[in-house]
Amino acid sequence: MKLMNTLLFIMNHPLNKKNKLGSLLCFLKWQLKSRLYKSEHIYRWVDKINFIVKRGEHAMTGNLYIGLMEYEDMSFVLHSLKETDNFYDIGANVGSYTLLASGVKRCKSFCFEPIQSTFERLIDNVNLNKIQHLVDARNIGIGDRNEILSFTNDLNTQNRVSKDSDIDNTENVDVIRLDDNFKPSIPSIAKIDVEGFEDFVLKGGKNFFSSSNTIALIIELNGSGKIFNIEDDEIHKEILSFGFSPIRYAPFERRLTSLESYNSNGNTIYVKDIEAIQKRCNESDSVCIHTSNDLII
């Protein structure tokens, strides 16, 4: 049943629905190839940008199957960012969003990934695409104080701050506050993916997120903050206090629609000036997504 649900998701994805058979073949080819050859593989992704993937890297294999694993949010980054902007990738994993921001859009990225092995994979992707001059990558975490915290390191894309320092498979990581180190002086967009630690990132970056230059924020609110006794509603209210409003993005139409609240099933995009961001998206150049068939958005 799980396999069937996965196949239906892949074939019915907006970037695959015109070539369902091709998307199915892409899935089957990867399953076979990754089992026969357990080394790393390189795939063309968006425009001329490539990524490295190996078996078990869920985020990147998702991009392989459906083009953009987080379809609306990644499309929003591709359409709203300008070359003259900055992008902050907080919880960067192996660098999907950083590749889109600095590899495709050619803007400056600051990315933060606390897990050493994952950070090394991020650097491999940056080096592969020769965008080192555009990426300031740091093997650290972001929080509400400067400290050392224990992080899990065996949960793939769901590694997080550990509340139990006695459990196995953790590593100690330096954590910094955004407000102590960054002041957005040009238009900036941030993405936060920190598995329940969102509130701490926001509290350590109140000046950063309140700045008029921080024009958009992508964040996942899915109840994971409960392990720290923090509710999504509290985080949502804090984000609103910075001047943001939640929106939904339709990539093919390039249309922003205001929402009454956050999206509890996936990421939520927040913007400060919906008309200004709409103009950015309307004026942005198209890009080619290399899915089962090349698709222009």
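Residues numbered from 1 in each chain as written. Predicted model: local features only at pLDDT ≥ 70, side-chain atom pairs only at ≥ 80, totals over all residues. Heavy atoms only, no water.

## Considering the overall build of the protein chain
Across its full length, the protein chain holds 11 helices and 15 strands. Computed over the C-alpha atoms, the radius of gyration of the protein chain is 18 Å, within 12% of the 19 Å expected from 2.2 N^0.38 for a compact globule of 297 residues. Residues counted as buried form 55% of the 297 residues belonging to the protein chain. Across the protein chain, every contact between residues at least 6 apart in sequence was considered, and the portion connecting residues at least 24 apart equals 67%. (Helix = DSSP H or I, 4+ residues; strand = E, 2+ residues; numbered from the N terminus. Rg over C-alpha atoms; globule rule 2.2 N^0.38 Å. Buried < 20%, exposed > 50% of the residue type's maximum accessible area, 1.4 Å probe, protein only. Contact = heavy atoms within 4.5 Å.)

## Points about the packing of helix α4 (residues 71-80) against helix α5 (residues 96-104)
Relative to each other, α4 and α5 sit at 20°, their axes nearing to 9 Å. Put simply, α4 runs roughly parallel to α5. As for how α4 packs across α5, the hand of that crossing is right-handed. Counted together, Asp 73, Met 74, Val 77 and Leu 78 of α4 and Ser 96, Tyr 97, Leu 100 and Val 104 of α5 form the full contact between these two elements. In terms of residue class, the contact of α4 with α5 is built from 6 nonpolar, 1 polar and 1 charged. (Axes fitted to C-alpha atoms, helices over the stretch in contact; angles between N-to-C directions. Parallel < 35°, antiparallel > 145°, perpendicular 65-115°, else oblique. Left-handed = near helix turned anticlockwise from the far one by under 90°. Nonpolar A, V, L, I, M, F, W, Y, C, P; charged D, E, K, R; others polar.)

## Some words on a nonpolar patch on the surface
A cluster of nonpolar side chains, namely Leu 21, Leu 25 and Leu 28, defines an oily patch on the protein surface of about 290 Å² accessible area. Topologically, Leu 21 is positioned in helix α2 (residues 20-36). (Patch = residues over 30% accessible without salt bridge, like charges linked within 9 Å, V, L, I, M, F, W, Y side chains within 5 Å. Areas by Shrake-Rupley, 256 points an atom, 1.4 Å probe, with all protein chains shown as cover. Salt bridge = Lys/Arg side-chain N within 4 Å of Asp/Glu carboxyl O.)

## Points about the sheet that holds strand β10 (residues 214-220)
An order of β5-β4-β3-β9-β10-β13-β11-β12 is seen for the 8 strands of this open sheet, with the pairing classed as mixed. Of all the strands in the sheet, just β5 (135-138) and β12 (255-258) have a single pairing partner and so form its edges. Here the strands of the sheet are splayed against their neighbours by 25° on average, with no regard to which way each runs. Sheet topology note: the strand β11 (residues 245-250)/β12 ladder contains 4 bridges and is antiparallel. Bridging across to β12, Tyr 249 finds its partner in Leu 256. (Pairing = 2+ DSSP bridges.)

## Section: unusual backbone geometry
Positive phi is not limited to glycine here, since Glu 195 has a value of about 50°. You will see that Asn 229, though not glycine, has its phi angle at about 60°, which is positive. One can find Asn 229 in the loop between β10 and α10 (232-241).

## Some words on the environment of Ile 296
Position of Ile 296 among the secondary structure elements: in strand β15 (residues 294-296). We classify Ile 296 as exposed; its relative accessible area is 52%. When the C-alpha atoms of Ile 296 and Phe 252 are compared, they prove to be 9.0 Å apart, with 44 residues separating the residues in sequence. Apart from residues lying up to four places away in sequence, Ile 296 is in contact with Phe 252, Ser 286, Val 287 and Cys 288.

## Digging into the nonpolar core
The nonpolar side chains of a soluble globular protein tend to be buried with one another. Judged by nonpolar contacts, the single largest core of 53 residues is most densely connected at Val 46, Leu 68 and Phe 76. Ignoring sequence-local partners within four residues, the contact set of Phe 76 consists of Leu 81, Ala 216, Ile 218, Tyr 249, Leu 256, Ile 269, Val 271, Ile 277 and Cys 281. Counting 35 residues, the second largest nonpolar core, distinct from the first, contains Leu 178, Leu 217, Tyr 262 and Tyr 270. (Core = buried A, V, L, I, M, F, W, Y, C linked by side-chain atoms within 4.5 Å.)

## Focus: the sheet that holds strand β8 (residues 170-176)
Read across the sheet, 3 strands follow the order β6-β8-β7 without closing on themselves; strand pairing throughout is mixed. Each end of this open sheet is capped by a strand with a single partner; those strands are β6 (141-142) and β7 (147-152).

## Re helix α1 (residues 2-12)
Residues Leu 7, Ile 10 and Met 11 constitute the buried set of α1. An end-on view of α1 places all buried positions within 90° of arc, on one side of the element. Looking at the packing, one finds that the buried side of α1 touches α2 and α3 (58-66). (Arc of directions from axis to C-beta.)

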